[in-house]
Structure formats: structure tokens, C-alpha cells
Amino acid sequence: GAGVSQSPSNKVTEKGKDVELRCDPISGHTALYWYRQSLGQGLEFLIYFQGNSAPDKSGLPSDRFSAERTGGSVSTLTIQRTQQEDSAVYLCASSLGGGTSSTAFFGQGTRLTVV
Amino acid sequence: GESVGLHLPTLSVQEGDNSIINCAYSNSASDYFIWYKQESGKGPQFIIDIRSNMDKRQGQRVTVLLNKTVKHLSLQIAATQPGDSAVYFCAEKDGGKLIFGQGTELSVKP
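Residues numbered from 1 in each chain as written. Chains lettered and ligands numbered in written order. Predicted model: local features only at pLDDT ≥ 70, side-chain atom pairs only at ≥ 80, totals over all residues. Heavy atoms only, no water.

### A short note on the state of the cysteines
Residue and element names in this part refer to chain A. Definition in use: Any two cysteine sulfur atoms within 2.5 Å of one another count as a disulfide. Numbering goes from the N terminus for both helices and strands, where a helix is a DSSP run of H or I of at least four residues and a strand is a run of E of at least two. For the exposure calls, accessible area comes from a 1.4 Å probe over protein chains only, and a residue counts as buried if that area is under 20% of its type's maximum, exposed if over 50%, partly exposed in between.
This model, assessed by the stated rule, comprises two disulfides over all chains. The disulfide partner of Cys23 is Cys92, and the S-S distance across this bridge is 1.9 Å. Because the torsion about its S-S bond is -70°, the bridge between Cys23 and Cys92 counts as left-handed. Taken together, the residues span a long stretch of sequence, with Cys23 in strand 3 (residues 19-24) and Cys92 in strand 9 (residues 88-95) at a distance of 69 residues. We note that Cys23, like Cys92, is buried.

### Thoughts on the pairing of strand 3 (residues 19-25) of chain B
All names here are of chain B. The condition that has to hold: For two strands to pair, DSSP has to find at least two bridges joining them.
Among the seven residues of strand 3, five are classified as buried, and the element is accordingly described as predominantly covered. Sheet topology note: the strand 3/strand 8 (residues 72-77) ladder contains six bridges and is antiparallel. In the sheet register, Ile20 faces strand 8, and the bridge partner there is Gln76.

### Some remarks on the environment of Ile50(B)
Residue and element names in this part refer to chain B. Stated formally: Contacts were defined at the residue level, with two residues in contact if any of their heavy atoms lie within 4.5 Å.
Relative to the elements of secondary structure, Ile50 occurs in strand 5 (residues 45-51). A relative accessible area of 0% means that Ile50 is categorised as buried. Sequence separation between Ile50 and Tyr32 is 18 residues, and the spatial gap between their C-alpha atoms is 6.0 Å. In this structure, Ile50 is in contact with Asp31, Tyr32, Phe33, Asp55, Lys56, Arg57, Val64, Leu66 and Leu73, ignoring residues within four places of it in sequence.

This is the structure in C-alpha cells:
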């Protein structure tokens, strides 16, 4: 597609339920990133994919968080047993490569609210 | 750990004035930096980038300056317009990932 697409745009879930967030990167982009942004805050790095592998998943806050990428394209971020502190905007970005000077372009994000 | 921080959390300027947003980074090994603009309810939008082998790079109405000696980055916006009102983030490329600062909110007064 023309840009990074994320779905759903908004998600309200009950505490304790599992959620899946989807990211469709720009076609041909091999690198994919997930970030979390709490209200009024900066972007917190979660995980980075190069192709289907994740060389850096150091930002995942707990074992309730996982992500996968298949076919070098679509990625899914899964949060199990959601907690209220998981409420945030989850942003996905992609870049042509994972190299140093490869610019990352962002989607519009998924706003997750845990009630 | 690594961090990228901003000197001013908020900046208010008069329309037509120039704006300067500052950023400090801590990882001296980083060699690529990006400025993003984020409007309310939207994802960050790429503005301009700079590699560490450069001191200055200019775009349309924007200039990024890099001072590696003091690990400082700045974004200059010329003739600031109401449409420039947003939160601006600097980001540092550390290996494969981007590390972001907290952001500066730019408010343009008509």
C-alpha cells in the first residue's frame, strides 16, 4: 500500500482479555518496528523486525507481550491478559532496510483502552 | 541506558517568527538522526534527517543542525506557520531501532 496501515484504529477491551494489533508495512519494506505511546509521552520502543526475525525485542515490557511477522510483511502484536496500564497508542513503522540511514515511516496507530 | 531528551517541553512562537527546537542525545556512537512531527491523533511524520558525517542539512523551511562534540541536535523552522503547531520529536538510530525523546510541543500564535 501507499503507507503503513494499522488496524484496528481503536480498540476497547476488558481487563484480562487478549488483544491482537495488526500492522501492514509499506510494500517492499523489510524492517518493521513497534512502539508504544502513552498520553503526552514519547515513543517507547517495543520490538524491531528485519524480515521475519526480531533482532531486537528488548523493549517488550513483559512476557504478556509478543509479536510476530510472517512473509516479511504483516506483523501482529499480541497482548495477553491485558492490564489497565497497557492502555496507550501502539504505533507501527516500516523502513526500506534496517540500515543506519533508512528512514522509518509510521502508521496512524491503534489506540488501546483497557477497562 | 540510551536516551534522547529535549531541552524544552513547550515552545510558543508568533506566526512568522523562526522556531528552534533542541535535543540532546546520549549515545555518541549513533550516526543517524531524524526529526518527526506529530499532530494530535496521528502518527509521527518524517520531517528531515541527518547523518553524523554532516553538521547541517536544509529542507523546505526546516534546517537540522548536529553538534557531535556536545551531542546536541536542533531543528529550525523558518517563518513558522499555524500549521506547524504539533509535537516535535528527535530520534536517534541505535543499531536497527529508533530511540525517541519526550517531544516538544510547538504552539504558533496568530
